[in-house]
Amino acid sequence: MLDVAKALLPWLLPFLAAMAGLTAGVNVWMIRQSAGRSYSDLQHVPARPVAIVLGARGKDLDTPSDALEDRLQAALELYRAGRVERILASGDGRGAEVDQREVMRRWLERHEVPAADILLDADGLRTVLTMSRAREEFGVRSAIVCTQAFHLPRSLWLARM
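Here goes a summary of the coordinates provided. Source: prediction; values computed, not measured. (Residues numbered from 1 in each chain as written. Predicted model: local features only at pLDDT ≥ 70, side-chain atom pairs only at ≥ 80, totals over all residues. Heavy atoms only, no water.)

With that out of the way, let us pick up the overall build of the protein chain. A count of helices and strands for the protein chain gives five helices and six strands. Considering only contacts in the protein chain between residues 6 or more positions apart, those separated by 24 or more positions represent 71%. For the protein chain, the exposed area adds up to about 9,900 Å²; of that, 55% sits on carbon and sulfur atoms. (Helix = DSSP H or I, 4+ residues; strand = E, 2+ residues; numbered from the N terminus. Contact = heavy atoms within 4.5 Å. Areas by Shrake-Rupley, 256 points an atom, 1.4 Å probe, with all protein chains shown as cover.)

Structural data, given as structure tokens:
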């Protein structure tokens, strides 16, 4: 066994370095692809039919995590400013400890978003599924994605694909 490890070691380090370089390269590419598509000022956000709120854990059915509340707050501000007409709440609604979409629905309704303007996607288990389902199941062709800055380049890239 030790001989095998010694034989593989000269190949292992270059392989790991290549994988790290590839990962970094893909991340830089995604960040560049999303340049000019993220906004921190509400006045600069273009109007779109839908805001997509990507799921995150809830503390309980009435309390979103801090990350999820930030996403919901962004969608709410867009909605109140007339930048979006509806909000698509996408998250794990099957087998999760706390149903993410139910947490989002309750939060939005407590903040006076009418139920008719809230779309619920229970199968948004991953960002790629959320984006695919937004198009295929909900007919979304143009949207604003609400998530944290670290997650945004990947989310925007997946939405465009």
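The structure having been displayed, the exposition proceeds.
Before going further, it helps to examine the side chain of S90. Secondary-structure assignment places S90 in strand β4 (residues 86-90). A distance of 2.8 Å separates a polar atom in the side chain of S90 from a polar atom in the side chain of T130. With near-sequence residues (within four places) excluded, S90 lies in contact with V53, L54, G55, M104, D121, G124 and T130. (Polar contact = N/O pair within 3.5 Å; in protein donor to acceptor, adjacent residues only side chain to side chain.)

Our next topic: the nonpolar core. Ranked by size, the top nonpolar core spans 22 residues in total, and within it V53 and I87 carry the most contacts. At the level of elements, β1 (50-54), α2 (66-80), β4, α3 (100-110) and β6 (143-146) are the ones that each hand at least two residues to this core. Looking at which element gives the most residues to this core, the answer is α2, with six residues. Excluding residues within four positions of it along the chain, V53 makes contact with L68, R71, L72, A75, I87, L88, A89, S90, M104 and C146. (Core = buried A, V, L, I, M, F, W, Y, C linked by side-chain atoms within 4.5 Å. Buried < 20%, exposed > 50% of the residue type's maximum accessible area, 1.4 Å probe, protein only.)

All told, the structure shown has 10 salt bridges when counted by the stated rule. A salt bridge links D123 to R133; the nearest nitrogen and oxygen atoms lie 3.8 Å apart. Note that D123 is positioned in the loop between β5 (118-121) and α4 (127-136) and R133 in helix α4, a separation of 10 residues in sequence. One network of salt bridges, in which partners are shared, links D62, E102, R105, R106, E109 and R110. (Salt bridge = Lys/Arg side-chain N within 4 Å of Asp/Glu carboxyl O.)

As a further point, take the packing of α4 against helix α5 (residues 152-160). Look at α4 against α5: their axes get within 9 Å of each other, and the N-to-C directions meet at 35 degrees. The handedness of the crossing between α4 and α5 is right-handed. Every residue of α5 that contacts α4 at T127, V128 and M131 is listed here: R154, S155, L158 and A159. Looking at the contact of α4 with α5, its residues break down into four nonpolar, two polar and one charged. (Axes fitted to C-alpha atoms, helices over the stretch in contact; angles between N-to-C directions. Left-handed = near helix turned anticlockwise from the far one by under 90°. Nonpolar A, V, L, I, M, F, W, Y, C, P; charged D, E, K, R; others polar.)

Attention now goes to the sheet that holds β4. Reading across from one edge, β5-β4-β1-β6 is the order of the four strands in this open sheet, with parallel pairing throughout. Either end of the sheet is taken by a strand with one partner, and the two such strands are β5 and β6. Here the strands of the sheet are splayed against their neighbours by 20 degrees on average, with no regard to which way each runs. Alignment of β1 against β4, held across five bridges, turns out to be parallel. (Pairing = 2+ DSSP bridges.)

Now for the packing of α2 against α3. Put simply, α2 and α3 touch, their axes get as near as 11 Å, and they point 45 degrees apart. With respect to their mutual orientation, α2 and α3 come out oblique. Between α2 and α3 lies a crossing of right-handed hand. For the pair α2 and α3, the contacting residues are L68, E69, L72, Q73 and L76 in the first and V103, M104, W107 and L108 in the second. (Parallel < 35°, antiparallel > 145°, perpendicular 65-115°, else oblique.)

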